[in-house]
Amino acid sequence: MTIGIVRGALAVTGSCAAGYGLYLVLTRVSHPDWFRLARWGLSAWLINDLVLMPISLLLGHLVLRRVAQRRRMPLRIGLLAAGSLVIITLIAVGARAHQKNATAEVSPPLPAVLITGGVTVAVVIIAELLQRPQRGKGTAVG
Amino acid sequence: MPSLAVMIKWPTQRLLRHLPEPDTIAGDVQTPAVVARIGMFLGPAFGICFLTGLISHNAQSDSGVLLGPRPVWGYRVTQGIHVATGIACLPLLLAKIFAAYPRILSRPEGDTGKKSALLWFAADKLLIGVLTAAGIVQVATGLFNVFQWYVFRFDFVPVHYAIAWIAMGAILIHVATRLPVITRALRRPRAAHRSDLPTSRRGFIGGVLGVAGGLTLFSIGQTIGPLDRLALLAPRRPRSVHLQGVPVNRTAAQAGVTARLADWSLTIVGPDGHRELDRAALAALPQTAVRLPIACVEGWSIGAEWSGVRIKDLVGLVGGAGHDVRVVSLERGSRYARTILPADFVADERSILAFKINGEVLHPDHGFPARVIAPNRPGALQTKWVERLELL
């Protein structure tokens, strides 16, 4: 009963919020921007569902399958950290290339990515070393 | 001639027969328990971003009511949290999508012959699609915006605001539809599920939180001064940029005002008429110095000493008190070329028209000859190159 009330309240609140967002898109966002926004939304969805995630699954099956169970977690987390750093670095590189005014330039990304990448590698290695070996390989990877 | 229903149903069933079941492709961390636990962090993170984003949007609105001039650090804190949490959302979102991804192959539950079951299934898939797209668009465009690379080419402010509502709404509906699964996943004794895997699941969740925490640690220094040296991933490290000790987002050249700075004068319009003051006349008025932070919507903030004339003294010259003031910049065509300074900010002793920063005459990129500095205002509203004040 209580969970039903909570679900109902969440659904109604969520529908109102999403509906208001849609109203804002229709009334506050210019018509040309509708198409740019739709292109971004569709691209985000398609690239994620049809490219990035299938590749990550494939990597999991091709690579993690050959890796000992205890090493999978540091590898996964290392890849997640590397992916996040790559995204931020690419944006920083593009932003610097795009910015033509020296006083408004963003910080240089190379030292940032080298240091934070180094920290990530160090943390992954330490985590891997600290993990106690576990018996059993598990059935699935990914 | 087969009916439309048969034409859809037959290939769908053939396709489903050849697609693997979610559980056959799911890895050891792609379980409902992991998805639910990462969601317990991603949901609140989005919620914090949403609420602090509402504060920022409100502060930038002419009819905004949430922010007053006190506390002076208010916007600095809320916008710092907004950007830091947004950056932390990046690995959380990637991990959540990764952990839930095999569910993309889930089949309709119950009697698949019933239209209602298929409709619910389609609606759920649509909701997940909207949630995924909205989440990625929000985090991605937010990151592009803090680096001031407007590659998306749409007007960021209304789009980011509208999609925030859609994303938040989709999250709430998603939680409503998944609540039984979530509660089951969170209650289920871990050992009973897969005896050898809880460690890897805990490790994965801990690792994801570690990455989110690491990104925050390496960027939050743009808001928290003592951590400045660690802010390697922040687009601007305030204390390592030395144009009069404060970073610049928009230069005089970008604003197209450079040629008009030499013959500048300030016009003030109010109930008692109007006054035109050149730099010498302004220098003859009582000067004051205030120490205030400038807090940018892109997340960085830094305190500086600003010197100039109190806004309330300036508007007092034309019989103004208790009025909002329209601040007009030399810049043309920008969203922030004309801003409103509400009456309570005008009345505040610390709201000034600044001519100096940290003891030096303002650099043109900092708003020479005059810019507004008021407490607890978004940096975008600390109007630069001010040429006119109009009492409303």
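Calculation notes
- Residues numbered from 1 in each chain as written.
- Chains lettered and ligands numbered in written order.
- Predicted model: local features only at pLDDT ≥ 70, side-chain atom pairs only at ≥ 80, totals over all residues.
- Heavy atoms only, no water.
- Helix = DSSP H or I, 4+ residues; strand = E, 2+ residues; numbered from the N terminus.
- Rg over C-alpha atoms; globule rule 2.2 N^0.38 Å.
- Buried < 20%, exposed > 50% of the residue type's maximum accessible area, 1.4 Å probe, protein only.
- Areas by Shrake-Rupley, 256 points an atom, 1.4 Å probe, with all protein chains shown as cover.
- Contact = heavy atoms within 4.5 Å.
- Buried area = accessible area lost by both parts, 1.4 Å probe.
- Salt bridge = Lys/Arg side-chain N within 4 Å of Asp/Glu carboxyl O.
- Polar contact = N/O pair within 3.5 Å; in protein donor to acceptor, adjacent residues only side chain to side chain.
- Expected span 1.5 Å × (residues − 1).
- Bend = angle between axes of the 7 residues up to and from the residue.
- Core = buried A, V, L, I, M, F, W, Y, C linked by side-chain atoms within 4.5 Å.
- Lys, Arg positive; Asp, Glu negative; His and termini not counted.
- Phe/Tyr/Trp six-rings, centres within 6.5 Å; stacked < 30°, edge-to-face > 60°.
- Lys NZ or Arg CZ within 6 Å of the ring centre and 35° of its normal.
- pLDDT = per-residue confidence, 0-100.

Novice: Would you take a moment to explain the overall build of chain B for this structure?
Specialist: Counting secondary structure elements, chain B contains 12 helices and 10 strands. Here the C-alpha atoms of chain B give a radius of gyration of 27 Å, more than 25% beyond the 21 Å that 2.2 N^0.38 yields for 392 residues. Its C-alpha atoms put chain B at 85 × 55 × 35 Å along the principal axes. With 392 residues in all, chain B has 55% of them scored as buried. Just so you have it, chain B exposes about 17000 Å², and 62% of that area is on carbon and sulfur atoms.

Novice: Mind showing me how you'd approach the interface of chain B and chain A here?
Specialist: Interface size, as often reported, equals the accessible area lost upon joining of the parts. Of the residues lining the interface, 74 residues belong to chain B; the matching set on chain A comes to 66 residues. When chain B packs against chain A, the two sides together hide about 5900 Å² of surface, and 74% of this comes from carbon and sulfur. At the boundary of chain B with chain A, the tally comes to two salt bridges. A salt bridge links Arg76 of chain A to Asp28 of chain B; the nearest nitrogen and oxygen atoms lie 2.6 Å apart. Linking chain B to chain A there are seven residue pairs in polar contact (both at pLDDT 80 or more).

Novice: Looking at this structure, I do not really get helix α2 (residues 31–62) of chain A. What am I missing?
Specialist: Here α2 of chain A contains 32 residues, and its C-alpha end-to-end distance of 45 Å stays within 8% of the 46 Å for a straight helix at 1.5 Å per residue. Its axis deflected by about 40° at Asn48 of chain A, α2 of chain A carries its strongest bend there. Its buried side turned inward, α2 of chain A meets α1 (2–28) of chain A together with α2 (22–25), α4 (74–100), α5 (115–146) and α6 (156–187) of chain B.

Novice: Is there a simple way to explain the nonpolar core in this structure?
Specialist: The tendency in soluble globular proteins is for nonpolar side chains to be buried side by side. Judged by nonpolar contacts, the single largest core of 75 residues is most densely connected at Phe147 and Phe204 of chain B. Mapped by element, the contributors of at least two residues to this core are α1, α2 and α3 (69–98) of chain A together with α3 (32–60), α4, α5, α6 and α8 (198–217) of chain B. Here this core gets 13 residues from one element, more than from any other, and that element is α6 of chain B. The contact partners of Phe204 of chain B, leaving out residues within four places of it in the chain, are Met73, Arg76 and Ile77 of chain A together with Val29, Val34, Ile38, Ala95 and Phe98 of chain B.

Novice: What is the right way to look at the side chain of Asp49 of chain A in this model?
Specialist: Along the chain, Asp49 of chain A falls in helix α2. Buried charge Asp49 of chain A goes without a salt bridge, the closest partner of opposite sign being Lys125 of chain B at 8.3 Å. Looking at Asp49 of chain A, its side chain comes within polar contact range of the side chain of Asn48 of chain A, at 2.7 Å. Beyond its immediate chain neighbours, meaning those up to four positions away, Asp49 of chain A contacts Pro54 of chain A together with Tyr101, Ile104 and Thr132 of chain B.

Novice: Help me understand the pattern of salt bridges in this model?
Specialist: Opposite charge on two side chains lets them pair, provided their charged atoms get close. Across all of its chains, the model carries 14 salt bridges over all chains by this definition. Between Asp33 of chain A and Arg36 of chain A there is a salt bridge whose closest N-O contact spans 2.6 Å. In this pair, Asp33 of chain A and Arg36 of chain A both sit in helix α2, three residues apart, roughly one turn of the helix. Since its relative accessible area comes to 6%, Asp33 of chain A is described here as buried. Where Arg332 of chain B meets Glu387 of chain B, a salt bridge forms, and the shortest distance between an N and an O atom there is 2.8 Å. One end of the pair, Arg332 of chain B, is in the loop between β5 (325–329) and β6 (338–341); the other, Glu387 of chain B, is in strand β10 (residues 386–391), and 55 residues separate them in sequence.

Novice: Explanation requested: the packing of aromatic side chains in the structure shown.
Specialist: To describe a pair of aromatic rings, you give the distance between the ring centres and the angle between the ring planes. Going through the model one piece at a time under the given rule, you end up with 12 aromatic pairs over all chains. Residues Trp40 of chain A and Phe144 of chain B carry aromatic rings whose centres are separated by 5.8 Å and whose planes lie at 85° to one another, so their mutual orientation is edge-to-face. In this pair, Trp40 of chain A is assigned in helix α2 and Phe144 of chain B in helix α5, connecting two distinct chains. On the basis of relative accessible area, Trp40 of chain A is assigned to the partly exposed category, the value being 23%. Each member of the aromatic cluster is reached from another via a ring pair, and the members are Trp40 of chain A together with Phe144, Trp149, Tyr150, Phe152, Phe154 and Phe156 of chain B. Here the basic side chain of Arg377 of chain B rests over the ring of Phe345 of chain B, its NZ or CZ set 5.3 Å away from the ring centre.

Novice: In this structure, what is going on with the confidence of the model for chain A? I would like to understand it.
Specialist: Interpretation of the predicted coordinates at a detailed level should be avoided for regions scoring low in pLDDT. Residue and element names in this part refer to chain A. The pLDDT averaged across chain A works out to 86; a share of 91% of its residues lies at or above 70. Per-element mean pLDDT across chain A ranges from 84 in helix α4 (residues 109–130) up to 96 in α1. Here residues 135–140 is a poorly scored stretch, pLDDT under 50, and it has 10 contacts once near neighbours within four places are set aside; other chains count.

Novice: Honestly, unusual backbone geometry in this entry has me stumped. Any pointers?
Specialist: Note: most peptide bonds trans; most residues except glycine with negative phi. All names here are of chain B. Cis rather than trans, the peptide bond between Arg70 and Pro71 has omega equal to -10°. Relative to the elements of secondary structure, Pro71 occurs in the loop between α3 and α4. With an omega dihedral of 10°, the bond running from Phe368 to Pro369 counts as a cis peptide bond. Examined against the element boundaries, Pro369 turns out to sit in the loop between β8 (360–361) and β9 (371–373). A positive phi angle, close to 60°, is found at Gln244, a residue other than glycine. You can see Gln244 is positioned in the loop between α8 and α9 (252–255). Accessibility expressed as a relative area gives 12% for Gln244, which makes it buried. At Asn376, a residue that is not glycine, the phi angle is positive and equals roughly 60°. One can find Asn376 in the loop between β9 and β10.

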